[in-house]
Amino acid sequence: MNVDYLTIHEAHELLRTKQISSVELTRSYLERIQQIEPKVHAFVTITGDLALEQAKESDERIAKGDIGPLTGVPGLIKDNMCTRGVRTTCSSKMLQNFVPPYDATVVERLRASGMIMLGKSNMDEFAMGSSTENSALFVTHNPWDLSRVPGGSSGGSAAAVAAGETVYALGSDTGGSIRQPASFCSIVGLKPTYGRVSRYGLVAFASSLDQIGPLTRDVTDCALVMNAISGYDPRDSTSSPNPVPDFTKCLKPNLEGVRLGVPQEYFVQGMQPEVDNAIRAGVKILEELGATVSWEVSLPHTRYALAVYYIIAPSEASANLARYDGVKYGYSYAETDSMWEAMEKTRQHGFGPEVKRRIMLGTYALSAGYYDAYYLKAQKVRTIIRQEFDNAFKQFDALITPTSPTVPFRIGEKTAAPLQMYLSDVCTLPINIAGVPAISIPAGFASSRAESRGDGLPIGMQIIGKPFGEETILQVAYAYEQAAGWWKRRAVV
Amino acid sequence: MKLSREEVLHIAILARVGVTDEEVDRLSEQLSNILENFGALQQVDTTGVPPTAQSIALQNVLRDDAVAPSLTTKEVLANAPQREEDFIRVRAVLEQYSQYAL
């Protein structure tokens with residue numbers, strides 16, 4: 001039986017009807033990983049033995065009739081979420097040998113739901129980047145075109161799902177790190193509302209923005225993973241006590257009565273015409289499905305989101321990453337007796353260039369004399385950006401935008417110019433600033449690009465919801481997915 | 001807004017990140033470029049606008065001060081670069097301080 005590119009619900013059906021065992025399924029995925037990895041490089045760590053052990057346990061559970069939607073289905077965890085006994089590197093030299101003594105809450109919850117963990121995925125170092133090229137370990141390649149980036153920072157997770165190396169994966173999203181790689185790899189990626197999913201055990205980057213979410217082949221799978229990972233956790237004081245609905249209940253194929261807005265500001269300068277056309281065509285499909293669509297929505301302060309983000313995120317990062325001092329855990333520079341020299345050299349050699357750049361930027365923005373001009377100012381503009389979303393959501397149930405202004409770019413194309421790289425997230429950053437949920441779903445391919453092969457290069461559509469409005473954006477995403485059918489295409493590696 | 005070499009070095013000390021001469025030059029240029037682009041923020045009228053530190057309504061989340069199982073000393077120390085018995089070994093703090101004091 002060919003089990004490549006299965007969705008969670010397809011795998012569940014095979015397991016439930018005993019057409020395949022979890023051990024067989026897991027073995028098949030481990031074999032595929034061996035085949036595909038030399039081309040894609042999505043995994044930092046492959047946990048084959050552990051996965052087979054977990055699969056055996058799952059088969060025992062299934063034999064007793066104890067089977068949930070995720071039981072026995074292989075998944076992949078981004079390497080910034082702690083996994084007990086399995087090294088968690090953040091794709092950084094700083095944590096290359098760090099073996100956490102505990103599981104992140106999301107890992108604990110997925111394990112309790114019966115996840116088989118295939119391994120840990122590559123990422124931009126400490127989740128800082130938009131292409132996974134900032135990994136201190138190696139570069140991940142886009143399965144749709146191996147000469148291009150998979151996006152980032154959750155590029156390993158997205159590439160592995162697209163290449164059929166795993167059924168699903170978890171990513172984290174601080175400014176677009178789930179949605180932009182989902183867009184670049186033509187899969188589904190959801191950044192939940194800030195507070196919806198516990199971040200206990202997620203290596204902190206920017207604490208007022210970070211959120212964990214699923215990367216999956218379709219919207220149904222996204223809802224299934226959200227059911228497993230969402231909800232209050234006493235170990236994360238920012239996790240919300242709001243009740244968690246069954247997210248699969250909102251997946252309906254029509255959009256009667258749903259009010260959608262398309263904010264002009266997201267059709268930015270420098271956006272590729274193929275992306276523009278794909279989103280406009282997508283909006284038309286949403287109208288045909290019964291939604292009312294207005295193009296008369298404006299979020300004028302969107303243009304300041306990039307600056308707000310790149311002040312707030314590095315500021316928080318500079319504080320969060322102060323813990324890497326070579327004393328308690330992680331890389332430690334040993335060739336000195338001086339405490340300060342050891343600390344400075346540990347951080348000099350342990351962090352890569354982008355991480356150091358952001359620590360420096362954040363330290364500057366928080367330093368005496370500049371705090372008011374940069375950090376406080378950014379926090380005030382953040383308030384305005386959130387208010388604009390709140391106002392828009394008085395009229396609309398969801399907003400439709402492109403996920404990224406471009407299709408995947410070439411490896412090496414933007415590494416020399418940090419600001420150019422930052423612009424890749426211009427459509428996703430405002431969502432983290434406001435703390436609202438958003439999903440990216442496949443919305444077509446730019447086939448007119450002369451250099452692209454086969455299907456062309458993936459384009460993603462972003463659907464933004466009000467706080468804790470995940471059900472609405474999942475409904476819109478599901479209806480669109482079923483009508484448009486892009487999810488059926490597979491990256492042939 | 002141009003960041004001088006001295007300013008970059010000062011930030012590097014605040015952040016405790018060692019930098020080479022080349023890095024100082026590169027960071028001075030890159031950070032200046034980034035900050036210049038962020039200057040646009042100053043155009044926004046934020047009179048009377050309160051700052052937002054985080055985006056959810058939760059405030060002062062409290063919990064009972066209850067005893068619960070925690071990691072063992074062995075597990076906690078397992079990743080420490082230098083250990084001595086049940087302690088993390090650190091370098092001397094005070095004798096070096098005056099040299100690096102800001």
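Rules used in this analysis
- Residues numbered from 1 in each chain as written.
- Chains lettered and ligands numbered in written order.
- Predicted model: local features only at pLDDT ≥ 70, side-chain atom pairs only at ≥ 80, totals over all residues.
- Heavy atoms only, no water.
- Pairing = 2+ DSSP bridges.
- Helix = DSSP H or I, 4+ residues; strand = E, 2+ residues; numbered from the N terminus.
- Axes fitted to C-alpha atoms, helices over the stretch in contact; angles between N-to-C directions.
- Contact = heavy atoms within 4.5 Å.
- Phe/Tyr/Trp six-rings, centres within 6.5 Å; stacked < 30°, edge-to-face > 60°.
- Buried < 20%, exposed > 50% of the residue type's maximum accessible area, 1.4 Å probe, protein only.
- Salt bridge = Lys/Arg side-chain N within 4 Å of Asp/Glu carboxyl O.
- Buried area = accessible area lost by both parts, 1.4 Å probe.
- Polar contact = N/O pair within 3.5 Å; in protein donor to acceptor, adjacent residues only side chain to side chain.
- Nonpolar A, V, L, I, M, F, W, Y, C, P; charged D, E, K, R; others polar.

(A) Representation of the sheet that holds strand 8 (residues 292-297) of chain A within the structure. Residues and elements named next belong to chain A. Taken in spatial order, the 11 strands make up an open sheet running 1-3-2-4-6-5-10-11-9-7-8, and their pairing is mixed. Since the sheet does not close on itself, it has two edges, and those belong to strand 1 (43-46) and strand 8, each with one partner. Strand-to-strand, the axes of this sheet are offset by a mean angle of 30 degrees, without reference to chain direction. One ladder, built from five bridges, connects strand 9 (residues 398-402) with strand 11 (residues 457-465); its direction is antiparallel. Residue pairing for strand 11: Thr401 is matched across the bridge by Gln462. With respect to the sheet, helix 8 (residues 273-288) is in contact with strand 7 (259-263), strand 8, strand 9, strand 10 (438-446) and strand 11, its orientation differing from that of strand 11 by roughly 50 degrees. Each of strand 5 (188-191), strand 7, strand 9, strand 10 and strand 11 is contacted by helix 15 (residues 470-484), which is oriented at about 20 degrees to strand 10, the strand it contacts most.

(B) Fine view of the packing of aromatic side chains. Residues and elements named next belong to chain A. Using the criterion set out here, one finds 17 aromatic pairs over all chains in the structure. Taking 5.8 Å as the distance between ring centres and 55 degrees as the angle between the ring planes, the aromatic pair formed by Tyr364 and Tyr374 counts as tilted. Here the residue Tyr364 occupies a position in helix 11 (residues 353-366), and Tyr374 occupies one in helix 12 (residues 372-395), the gap between them amounting to 10 residues. Each ring, one from Tyr371 and one from Tyr375, has its centre 5.4 Å from the other, and the planes form 50 degrees; the classification is tilted. Overall, the relative accessible area of 34% leaves Tyr371 in the partly exposed class. Members of the aromatic cluster, connected to one another through ring pairs, are Phe98, Phe126, Tyr324, Tyr329 and Phe351.

(C) Fine view of unusual backbone geometry. Residues and elements named next belong to chain A. Along the chain, Gly152 connects to Ser153 via a cis peptide bond; the corresponding omega equals 10 degrees. Within the secondary structure, Ser153 is located in the loop between strand 3 (116-121) and helix 5 (155-162). Backbone geometry places Lys18, a non-glycine residue, at a positive phi of 60 degrees. Phi is positive for Ala127, which is not a glycine, with a value near 70 degrees. Secondary-structure assignment places Ala127 in the loop between strand 3 and helix 5.

(D) Examining the pattern of salt bridges more closely. Residues and elements named next belong to chain A. Taken as a whole, this structure holds 24 salt bridges over all chains when the rule is applied. When the shortest N-O distance is used, the salt bridge between Asp145 and Arg148 registers 3.1 Å. For the pair shown, Asp145 and Arg148 are each scored as buried.

(E) Examining the interface of chain A and chain B more closely. In this complex, chain A contributes 66 residues to the contact, which on the side of chain B involves 52 residues. Carbon and sulfur atoms supply 67% of the area buried between chain A and chain B, which totals about 5300 Å² over both sides. A per-residue breakdown of the area chain A buries against chain B is headed by A:Trp340, A:Glu344 and A:Met360, which together make up 14% of the total. Seen at the junction of chain A and chain B, the total is two salt bridges. For the interface between chain A and chain B, the tally reads 20 residue pairs in polar contact (both at pLDDT 80 or more). Per-element accounting of the side of chain A that touches chain B gives the leading share, 12 residues, to helix 12 of chain A. Class assignment for the residues of the side of chain A that touches chain B results in 35 nonpolar, 18 polar and 13 charged.

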